[in-house]
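Now for the letters of each chain:
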Amino acid sequence: MAARTEAQKDRKESQSSGLQGVVVASTAITRIDPVEGRVYFRGYEIDELVTKSNYEEVIFLLWHGRLPTKDELASFSQRMAQSRDLPSQVLSILRELPPDCNAIDAVSLGVSALGLFDRRGKTFEDNAVSISAKMGTLVAAISRTKLGVAPIPPRTDLNYATDFLRMLKGKEPSEADAKLMDGMLILHADHEMTVSTFAARVVASTLADVYSAFGAAVEAFKGPLHAGASEAVVEMLDEIGGPMGVETYLEAKFARKEKVMGFGHRIFRAGNHITAIMRDYSEKLAATDYEKKRLAILVNVERLMVEKKKIYPNMDYYSGLLFQHLGIPGFLFVPVFAAGRTPGILAHINEQLSDNRLIRPSAEYVGSGARSYVPISQRQSTG
Ligand code: COA
């Protein structure tokens, strides 16, 4: 590859690198306030939703723009519960997964298979209900397959969070664990124009079907700069080992100019409430010495990062600790994040389609000028 010239570098800097600050769509779904660090779904602050609402109600809110009545919520929740079963063909495909496969690759495969075998509904919402309802079952089935045990079929008498945990762990969770899981799903349900959301909207704008647009989002979740950071944070915890090691660990990271996972955010430059809620959950729930020690490390790393670099933790920072508290293994953090975010992505796909125009930006060409083709027998070696 030819090195960039100074003129090319100057031109690149005059563009918005990484689309930072570029408004790519209007949305009525989620508002994030970078100054106050707050997140609102359809005008309701996430702090209030996480304490007073539940995941099914939040999904209804994201999709319909308003809170449901009691009857609407009961019928919507029932519809979601009755849509959790995976098609038998998808389960057969999952049986072939190699145990050491990357779990989010398996989710991607599962979503593609759903695109082939799911019974398509008549409306966008029919398909959205099916995908959202099945994501928990899919993630749980992948986890169990990787662990060498048979997937557990869903039940219709439990809410999404409880049944998801039950299918993951093989037994009904405690009320406290089910409540925490419900809260985690709400906290992940949408986050405005994230990389995965944008990927889904780009694919939706081509008028590809909803399974393909959602599948694009799943692919984007994989990277450590997006949803993959939570697993890396837990790996960092293992590496540091104890609060005494924090300073040494960070100094080495700074010296190597490496990013500290779970810190920084494109929009929230000074922290946000989701992270604060998760820190609060972690403080209340750390029960064992092991959990308390790991929380102490995280709090210490956060303090030093803010003190030395003025960089704040993002929502992937405390989530791994909480997922571990729920007995969810590290390899599943991204898939569980993806399941939680599913309704938000689907709301964005629907919003894109409701006023669609193909998303096709431009690029500034900085390559060679026009050249004539030289037959291979006449080419000189350049080396
Ligand atoms: N650790 C150390 N320094 C960091 C950092 C981190 N996690 N995140 C940002 N910075 C620094 C950058 O090096 C840069 O410093 P500089 O101006 O001296 O070059 C400055 O903060 C601005 O960061 P930038 O990379 O421009 O931010 P971005 O908006 O392009 O990237 C992230 C945002 C999330 C990709 C980035 O913060 C990151 O890689 N974080 C770690 C991965 C992570 O936690 N991802 C989950 C996101 S929810």
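See the structure above.
Now for a description of the structure that goes with this document.

The rules behind these values
- Residues numbered from 1 in each chain as written.
- Predicted model: local features only at pLDDT ≥ 70, side-chain atom pairs only at ≥ 80, totals over all residues.
- Heavy atoms only, no water.
- Core = buried A, V, L, I, M, F, W, Y, C linked by side-chain atoms within 4.5 Å.
- Buried < 20%, exposed > 50% of the residue type's maximum accessible area, 1.4 Å probe, protein only.
- Domains from an automatic or database assignment.
- Patch = residues over 30% accessible without salt bridge, like charges linked within 9 Å, V, L, I, M, F, W, Y side chains within 5 Å.
- Areas by Shrake-Rupley, 256 points an atom, 1.4 Å probe, with all protein chains shown as cover.
- Salt bridge = Lys/Arg side-chain N within 4 Å of Asp/Glu carboxyl O.
- Helix = DSSP H or I, 4+ residues; strand = E, 2+ residues; numbered from the N terminus.
- Pairing = 2+ DSSP bridges.
- Phe/Tyr/Trp six-rings, centres within 6.5 Å; stacked < 30°, edge-to-face > 60°.

1. Looking at the nonpolar core
Phase 1: Membership of the largest hydrophobic core comes to 103 residues, with the highest contact counts inside it found for Met135, Phe221, Val301 and Ile328.
Phase 2: Counting residues domain by domain, this core receives three or more from each of domain 1 (30-222 + 332-354) and domain 2 (229-325).

2. Some points on a nonpolar patch on the surface
Phase 1: Residues Leu19, Val22 and Val24 make up a contiguous nonpolar surface patch of roughly 220 Å² in combined accessible area.
Phase 2: Take Val24: it is sitting in the loop between helix H1 (6-14) and strand E1 (30-33).

3. As for the sheet that holds strand E2 (residues 38-41)
Phase 1: Read across the sheet, 3 strands follow the order E1-E2-E3 without closing on themselves; strand pairing throughout is antiparallel. At either margin of the open sheet sits one strand with a lone partner, and together these are E1 and strand E3 (44-45).

4. Examining the packing of aromatic side chains
The geometry of two aromatic rings is summed up by the distance between their centres and the angle between their planes.
Phase 1: A full pass over the atoms with the stated rule returns 8 aromatic pairs.
Phase 2: On the numbers, 5.8 Å between centres and 90° between planes, the contact of Trp63 with Phe76 is edge-to-face. Of this pair, Trp63 sits in helix H3 (residues 55-64) while Phe76 sits in helix H4 (residues 70-81), and the two are 13 residues apart along the sequence.
Phase 3: Judged by its relative accessible area of 14%, Trp63 falls in the buried class.
Phase 4: Under the relative-accessibility criterion, Phe76 is labelled buried at 3%.
Phase 5: Here the aromatic rings of Phe323 and Phe333 are separated by 5.6 Å at their centres, their planes lie at 40°, and the arrangement is tilted. One end of the pair, Phe323, is in helix H16 (residues 316-325); the other, Phe333, is in helix H17 (residues 333-354), with 10 residues separating them in the sequence.

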